[in-house]
Each structure stands twice: as C-alpha cells, then as structure tokens.
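Reading the structure
This is what each chain is made of:
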Amino acid sequence: MPTLRALECLVAVLNSGSVTEAAARLHLSQPALSHQIAALERELGTPVLERLPRGVRATATGRAIAADARAAVAAAERVVATGRAVAAGARGQLRIACADSMSASLLAPVLRAWHRRRPEVHLVLAELSSADAMAEMVSAGTADLALGPRPSRWEGHLVVIGTEEIVAVSPQGGGEPPAAVTFADIAAQPVVHYHPDNGLGAWLDEIAAGRGVALTASTRTRQATTAAQLAAAGLGIALVPTSALTATFSGAVRSLRPPLVREVVCLTATPGDPLVRRFLEDLRRRGVPVPSPIAAQLTARE
C-alpha cells in the first residue's frame, strides 16, 4: 500500500510541476523525494510521472490517481489539525455522566463556561440516579467521565471534587424548627423517600438501620430535587444533598445530628485525555459550593 509520504510527494510535484520546487516545499532533498516517487511507482507497477527536459508532468496513471492522492493528503492534514485542536482543548466530544441532583448546581456552571470558551467541543450529558450505573458507563466506554457520589465499586482513576452535606428539608412555618434533627426524629415522621433505582435511598436506609431506626416512606421519587420540592409542599420530610437545593428553595433546611456528608467524585478511565484532564481541572477548581440562602439557613440554626 502506498505510504502517505509518497502520496504527499506526488501531490507536491503535480502542484508545482517540478521535482526541485516540490522538494523545497516539503523540506526534502531531491534524492529523498525521488525515492518516494520511485517507491510509489514500484507499488503501482507503472510510472506516475513523465520526466521532461524542463520539469515533469503526470502520466495517464498519475492523472488517474491525482484526485484520490490529493484527498488522502487533505484527510491526513485534517487528522493532524483535529488532533492538535483536541489536544489544545478546542475541539472534540466529551461524554459526561452526572448524578441528576448535581447537574444544575455543580455541572451547569462548568458546562456554560466550556460552551463559551470552547464552542467546538461537543458536550453530551447523561443524567442518572445511581453512582454504580455511572461507573458502569465509564467502564463500558460510553461515558468519558462521571460526576457524582462515590460508587460502591470502582478501581479506575478517581478524583475527589469535594464533599456535600445531606440535610433534612420540610415545609416552612409551624414554629421555629430545631437547629438539627436526628435519624430518630426523621423516622417518627412520614418520609419522602427514593425509588430503588436511586442509590441514595439504599444508602440512607443503611445509615438509619445502623442507628437503630427505619424510615417510613410516604412517597417515593427517583430524583433528589423532586424529593426536596415534595417535602417543601408538605408530603413529609426528605433527606437530600445540598447540591439538589437551589438558591430559591422555599422549604426549611436543617442539618442532621451528627452531620452526614458524602464525597463528590469524578471517575474516568482516560485521565490522560486532554479534554478529560481540562474538564476535571475545572470541576476541581469550582468544588462543591452551597447556595448562599441554603448556607445561611444552616448557619442560622447552628
């Protein structure tokens, strides 16, 4: 099969009509360029250039393969350009799996900055409610990175982005709520709990059992953001990560006693990939902020 270098040499000669000029354009010696052309002719079994007293011109074979040779060289140039652009973080595709409770508060600001600074990077987002499902996507190669709580099983590259607090939310009003609540306090009330597909529910049940209580679900939902809204509407108390609460959240927010926190991590199987590396850096730089009104509620009740 002809080498790309041989085709590049042929195209340069055809474009210039001169071996000397083509060699200069490619920064090759004339013997080196002639060697590439000779190798191509041996591969094809026929000459591609006709040597004239002054210059050269394509043979019938040379004319027949000229368009494909130019296309091959142009495609190779595009490969190099695209590869360099991706390496510089300016082009490509990044597939992100994210915990649904974190997509608005943690991920959206980073995505917005990337859309502004890197408009030719195509960002694909998948929102899930299971950390283990996100880890499976990264392992299977259907996601480049995953942002969420630590999964139960993961042996690949992991970066800790920060920690977030699990808080109790309920409707506003009804007197001044206590500064913090225990799992025993929560177990005595109806709970807006989680669907089995959401790993947060099983984790909370495990913690409750370790403290000698069981949570009684009044209703279940797959999303922590929905659980918070249902609790604020009076359907029960909900345990939600602070990442699920917006600055305009209307319910009461209280810490647990003792405080309950979980790590927010990012998983990837390709930490050396330029786009993945830059995105991870931006996530770590942003960390896990708490909306100011939520932080103010928690601080006021300490």
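Treat the numbers as computed from the prediction; the structure is a model and nothing was measured.

This paragraph deals with the side chain of S105. Its place among the elements puts S105 in helix α5 (residues 103–117). For S105, a relative accessible area of 18% corresponds to the buried category. Among the polar contacts listed, one links the side chain of S105 to the backbone oxygen of S243, at a separation of 2.7 Å. Residues within four places of S105 in sequence aside, it is in contact with S243 and R286.

Considering all chains together, one arrives at 11 salt bridges under this definition. With a closest N to O distance of 3.0 Å, D282 and R117 form a salt bridge. Here D282 is found in helix α10 (residues 274–286), whereas its partner R117 is found in helix α5, with 165 residues between them in sequence. By relative accessible area, which is 15% here, D282 ends up buried. Relative accessible area serves as the criterion here: at 44%, R117 is assigned to the partly exposed category. For the salt bridge of D132 with R153, the shortest nitrogen-to-oxygen distance reads 4.0 Å. A residue pair is termed long-range when its members are at least 10 positions apart, and D132 in helix α6 (residues 131–140) and R153 in the loop between β5 (145–149) and β6 (157–170) qualify at 21 residues. For D132, a relative accessible area of 21% puts it in the partly exposed group. Residue class for R153 comes out exposed when judged on its relative accessible area of 56%.

This next bit is on the UniProt feature "domain: HTH lysR-type" (unreviewed entry) in the protein chain. In this numbering, the UniProt entry assigns the feature "domain: HTH lysR-type" (unreviewed entry) to residues 2–59. End-to-end, the C-alpha atoms of residues 2–59 are 17 Å apart, and along that stretch the chain is 60% helix and 10% strand.

Below, the discussion takes up the environment of I161. Tracing the sequence through the fold places I161 in strand β6. By relative accessible area, which is 9% here, I161 ends up buried. Residues I161 and C98 lie 63 residues apart in sequence; the distance between their C-alpha atoms is 13 Å. Sequence-distant contacts of I161, that is, excluding residues within four places in its chain, are made with L147, V264, V265, C266, L283, R284, G287 and V288.

Across the junction of R257 and P258, the peptide omega takes the value -5 degrees, indicating a cis bond. Relative to the assigned elements, P258 resides in strand β11 (residues 252–268). With phi around 60 degrees, H27 is a residue other than glycine that occupies positive phi space. Mapped onto the secondary structure, H27 falls in the loop between α2 (19–25) and α3 (30–44).

The subject of this paragraph is helix α4 (residues 60–87). For α4, built from 28 residues, the straight-helix expectation of 40 Å at 1.5 Å per residue is met to within 8% by its first-to-last C-alpha distance of 41 Å. At A66, α4 shows its maximal bend, which comes to roughly 45 degrees. The first or second residue beyond α4 is G89, which carries a positive phi of 80 degrees.

With 12 of its 17 residues buried, β11 lies for the most part within the structure. In this structure, β5 lies alongside β11, joined through 5 bridges in antiparallel fashion. Considered in β11, the bridge of L147 is made with C266. Relative to β11, β6 runs antiparallel, the two being bridged by 13 bridges. In the sheet register, G162 faces β11, and the bridge partner there is V264. Inspection of the sheet shows strand β7 (residues 180–181) paired to β11 by 2 bridges, in the parallel sense. Across the sheet, the residue bridging to V181 is L256, located in β11.

About the thresholds
Residues numbered from 1 in each chain as written. Predicted model: local features only at pLDDT ≥ 70, side-chain atom pairs only at ≥ 80, totals over all residues. Heavy atoms only, no water. Helix = DSSP H or I, 4+ residues; strand = E, 2+ residues; numbered from the N terminus. Buried < 20%, exposed > 50% of the residue type's maximum accessible area, 1.4 Å probe, protein only. Polar contact = N/O pair within 3.5 Å; in protein donor to acceptor, adjacent residues only side chain to side chain. Contact = heavy atoms within 4.5 Å. Salt bridge = Lys/Arg side-chain N within 4 Å of Asp/Glu carboxyl O. UniProt positions renumbered as here; feature names shortened; annotations may be inferred. Expected span 1.5 Å × (residues − 1). Bend = angle between axes of the 7 residues up to and from the residue. Pairing = 2+ DSSP bridges.

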